[in-house]
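Commentary on secondary and tertiary structure
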Amino acid sequence: MKQVKYADIKTAKNIDEFRNNLKKYFITSDNFSKLFVRGNVPYVNIDEIECLSDLYKMNAHYITPTISVDVKKISTDETIKNMFSRDFSSVLNDEKRFPIYEMENVNDISDYVYNKNPYFYSIDNQILRCFFIKTLGDFSGYTNNNEWF
């Protein structure tokens, strides 16, 4: 598992990159073939997902990104500045406060789960929308102005 900078994450431009970024920046199982979710099912086959909003159809509204987000570390000024645009990318760029980890192998996933305090986030989480857009691109279900499709 390696820590990566927000700015260095390559945004998905096609379905293969979307699925690859799900494997890199979200908790998966079965050798990266299933996305760990919370909902009616514990996992969703990554090859069956064409965009993040597909998870709504599967009643799997929560996922676990490999970013450590503690909202207590976001100042009131940062919240006020970003709340209407829903663009917290300037906040998430701070790798000391909000480290992002890239999963390179199955051992990385175990290491992350046991040592980094993972958390389920709703796929419509306002603070993480920019992370979803950054990692998943147009497949995040958000447009450039952060509205849901």
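This text follows the structure it describes.
Given the structure is predicted, the values throughout are model-derived calculations rather than measurements. (Residues numbered from 1 in each chain as written. Predicted model: local features only at pLDDT ≥ 70, side-chain atom pairs only at ≥ 80, totals over all residues. Heavy atoms only, no water.)

1. Points about the overall build of the protein
Per the secondary structure count, the protein includes 6 helices and 7 strands. Across the protein, helices and strands are ordered from the amino to the carboxyl terminus as β-α-β-β-β-α-β-α-α-β-α-β-α. Relative to its full complement of 149 residues, the protein shows a buried share of 44%. Contacts spanning at least 24 positions in sequence make up 65% of the contacts within the protein whose residues lie at least 6 apart. Summing over all exposed atoms, the protein offers an accessible surface of approximately 8100 Å²; the carbon and sulfur share of this is 46%. (Helix = DSSP H or I, 4+ residues; strand = E, 2+ residues; numbered from the N terminus. Buried < 20%, exposed > 50% of the residue type's maximum accessible area, 1.4 Å probe, protein only. Contact = heavy atoms within 4.5 Å. Areas by Shrake-Rupley, 256 points an atom, 1.4 Å probe, with all protein chains shown as cover.)

2. Considerations on the nonpolar core
Within the largest apolar cluster, 37 residues are counted, with the highest numbers of intra-cluster contacts made by Phe26, Leu35, Leu55, Ile63 and Phe131. Where this core is concerned, the elements lending two or more residues are helix H1 (15-25), strand S3 (34-38), helix H4 (89-92) and helix H6 (129-136). In terms of residue count, the dominant contributor to this core is H6 (5 residues). Contacts of Phe26, omitting those with residues within four sequence positions, involve Asn21, Leu35, Ile63, Thr64, Pro65, Thr66, Phe131, Phe132, Thr135 and Leu136. In terms of nonpolar packing, the next biggest core, distinct from the first, is built from 6 residues, Tyr101, Met103, Ile109 and Tyr112 among them. (Core = buried A, V, L, I, M, F, W, Y, C linked by side-chain atoms within 4.5 Å.)

3. As for the packing of aromatic side chains
Remark: the centre distance and the inter-plane angle together describe each pair of aromatic rings, the angle taken between the planes. Per the counting criterion, the structure on display carries 7 aromatic pairs. Feature note: the residues Phe26, Phe131 and Phe132 constitute an aromatic cluster, connected by ring pairs. Its end group placed over the ring of Tyr62, Arg38 keeps NZ or CZ at 4.4 Å from the ring centre. (Phe/Tyr/Trp six-rings, centres within 6.5 Å; stacked < 30°, edge-to-face > 60°. Lys NZ or Arg CZ within 6 Å of the ring centre and 35° of its normal.)

4. Points about H1
Those residues of H1 lying buried are Phe18, Arg19, Asn21, Leu22 and Tyr25. Taken end-on, H1 shows its buried residues confined to a sector of 160°, consistent with a single buried face. Summarising the contacts, the buried residues of H1 are in contact with strand S1 (2-4), strand S2 (28-29), S3, strand S6 (100-102) and H6. You can read the cap of H1 off the contacts: a side-chain oxygen lies 3.0 Å from the backbone nitrogen of Asp16, and it is on Asn14. (Arc of directions from axis to C-beta. Polar contact = N/O pair within 3.5 Å; in protein donor to acceptor, adjacent residues only side chain to side chain.)

5. As for unusual backbone geometry
The phi dihedral of Asn31 falls on the positive side, at around 55°, and the residue is not glycine. One can find Asn31 in the loop between S2 and S3. When its relative accessible area of 59% is taken as the criterion, Asn31 is described as exposed. Its identity is not glycine, yet Phe32 carries a phi of approximately 70°, on the positive side. Inspection of the secondary structure assignment puts Phe32 in the loop between S2 and S3.

Taken by themselves, the reported measurements are silent on function.
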